[in-house]
Amino acid sequence: MTSVPSLSQLSEETLKKLPRPGNDFDIHEGKLLAPILRTRIPGTPGSIAVLNHFNDFFKQTLPDWTVEFQNSSARTPISGNKEVPFVNFIASRDPPWASKGDVGRLTLVAHYDSKYEPKGFIGAIDSAAPCAMIMHAMRSIDAALTRKWDDMQAKGDGLDSGLDAHTGIQVLFLDGEEAFKTWTDSDSLYGSRSLAETWDETTHSAMSIFRTPLSSISLFMLLDLLGSKDPTIQSYFPTTHWAYQNLASLEGRLRNLKQFKSSPNYDIKSGHVDEPQWLVDAEKSEHLLKSWTAIQDDHVPFMRRGVDVLHIIDTPGRANFPTVWHTIHDDGEHLDLPTVEDWSMLITAFAAEWMELEGYFDAQDAAEKMYIRKTEL
Ligand SMILES: [Zn+2]
């Protein structure tokens, strides 16, 4: 690979010991995924149950995170005069010393609503599995994040300066992505349109580094239609091609380390089978990207307002969506679970590298680091 601007890389040792999801993506009993594999049409009990699942997960497993809900309502082509409620779920974690308006956040995004039709539609790749992948990734980096920020505080200096002191992370699970009838500008993206508008109009206090919550998004990383085997992931935007290439580099490294369960090389003792990468545009120059701007998705209202977007969406043959897309077959049974797990590991690695967590995954390593620093003082 040609030179890719990169943050300090995760070591091979760290890549190999990143936490795995275990049974949590089991489609019937898995703690993370199973509760999302149900119909969750906006404003219905299924939608509320899934929101509660997200809320419980963050409250119980990630208590250092701040959880918010952003509400809106709109008429839809099937609701007549009735307003349908849309609820976006937002969870964030910032460095403990930083004030809200001074933090730029890596922003991981997926929609959690399911389509109104066909009746009983689950939407496993669209986007129950991407939500679960993000949950696993955030749980996997949380303790390392705590250690790193404790370490920075113990060190005591540099908390006001430097990009690292102002880097946070947030998760958006958006409502109302799907059209109720047929996709139009008004019948789609209900949640993301409302959130982008609200965040554009909210201003931080006057002396803040970032003017609005919208400008606090350092990268809008949108995951959609993930969980089918052998995905094709293209790079769409020159401005974020460097981030795409960082993700591709991690994919290659995890494959070389035989960490990808969906790969023929997984855990084999010797030899190596050639395999294609999911991120197919890694070697391309950013000038040669063919932007397929026709893909309408939750990034659009944000991108129109100048937010940097990395769109991770499966387009087999570079021109289609996965075969189960928007059919009754997009359910738990049609997921390729090794692929779901690999995605969750890749997203974990990407977030860990973004947050510069090398050296903080192992409690012992981190403690030694702090001890050395203290004895040096
Ligand atoms: Zn969809």
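Scroll up to find the structure.
It should be emphasised that the depicted structure is a prediction, and the values quoted were computed from it without experimental measurement.

Rules of the game
Residues numbered from 1 in each chain as written. Predicted model: local features only at pLDDT ≥ 70, side-chain atom pairs only at ≥ 80, totals over all residues. Heavy atoms only, no water. Donors = N, O, S within 2.8 Å, 3.2 Å for Na, K, Ca; no water. Helix = DSSP H or I, 4+ residues; strand = E, 2+ residues; numbered from the N terminus. Buried < 20%, exposed > 50% of the residue type's maximum accessible area, 1.4 Å probe, protein only. Expected span 1.5 Å × (residues − 1). Contact = heavy atoms within 4.5 Å. Salt bridge = Lys/Arg side-chain N within 4 Å of Asp/Glu carboxyl O.

Enquirer: What am I meant to see in the coordination of the zinc ion here?
Expert: Four donors placed tetrahedrally about a metal ideally form angles of 109.5 degrees, and six donors placed octahedrally ideally form angles of 90 or 180 degrees. Looking at the zinc ion, one finds its protein donor set to be Asp126 (OD), Asp126 (OD), Glu178 (OE), Glu178 (OE) and His326 (NE2), positioned 2.0 to 2.8 Å from the metal centre. Along the chain, the residues donating to the zinc ion are arranged with the sequence spacing D-x51-E-x147-H. Here glutamate 178, found in the loop between strand 4 (167-174) and helix 4 (190-201), pairs with histidine 326, found in the loop between strand 6 (309-313) and helix 7 (337-354); they are 148 residues apart in sequence, far enough to count as distant. Residue classification places glutamate 178 among the buried positions, given a relative accessible area of 3%. Here histidine 326 falls in the partly exposed class, since its relative accessible area comes to 23%.

Enquirer: When you look at helix 2 (residues 45-61) in this model, what are you seeing that I'm missing?
Expert: Along an α-helix, a turn takes 3.6 residues, which lines up residues three or four apart on a common side. The end-to-end C-alpha separation of helix 2 is 24 Å, in line with the 24 Å expected for 17 residues at 1.5 Å each. Every buried residue of helix 2 is listed here: Gly46, Ser47, Val50, Leu51, His53, Phe54, Asn55, Phe57 and Phe58. In this structure, the buried residues of helix 2 make contact with strand 1 (66-75), strand 2 (83-93), helix 3 (124-155) and strand 4.

Enquirer: What is the right way to look at the pattern of salt bridges in this model?
Expert: The full count for this structure, using the stated rule, is 15 salt bridges. With its nearest N and O atoms 3.6 Å apart, the salt bridge here joins aspartate 64 to arginine 93. Residue aspartate 64 is located in the loop between helix 2 and strand 1, and its partner arginine 93 is located in strand 2; the two are separated by 29 residues in the primary sequence. Taking the relative accessible area as the measure of exposure, aspartate 64 reaches 46% and is therefore partly exposed. When the shortest N-O distance is used, the salt bridge between lysine 261 and glutamate 341 registers 3.3 Å.

Enquirer: Got a minute to help me understand unusual backbone geometry in this structure?
Expert: Backbone geometry follows two general trends: most residues other than glycine have a negative phi, and most peptide bonds adopt the trans configuration. The omega torsion across glutamate 117 and proline 118 is -5°, close enough to zero to call that bond cis. Position of proline 118 relative to the elements: it lies in the loop between strand 3 (104-111) and helix 3. In the segment running from aspartate 126 into serine 127, the intervening peptide bond is cis, with an omega of -10°. Among the structural elements, serine 127 can be located in helix 3. With a phi close to 55°, leucine 225 is a non-glycine residue in the positive phi region. Inspection of the secondary structure assignment puts leucine 225 in the loop between strand 5 (217-224) and helix 5 (241-256). With phi around 60°, aspartate 267 is a residue other than glycine that occupies positive phi space.

Purely spatial values, then, with no claim about function.
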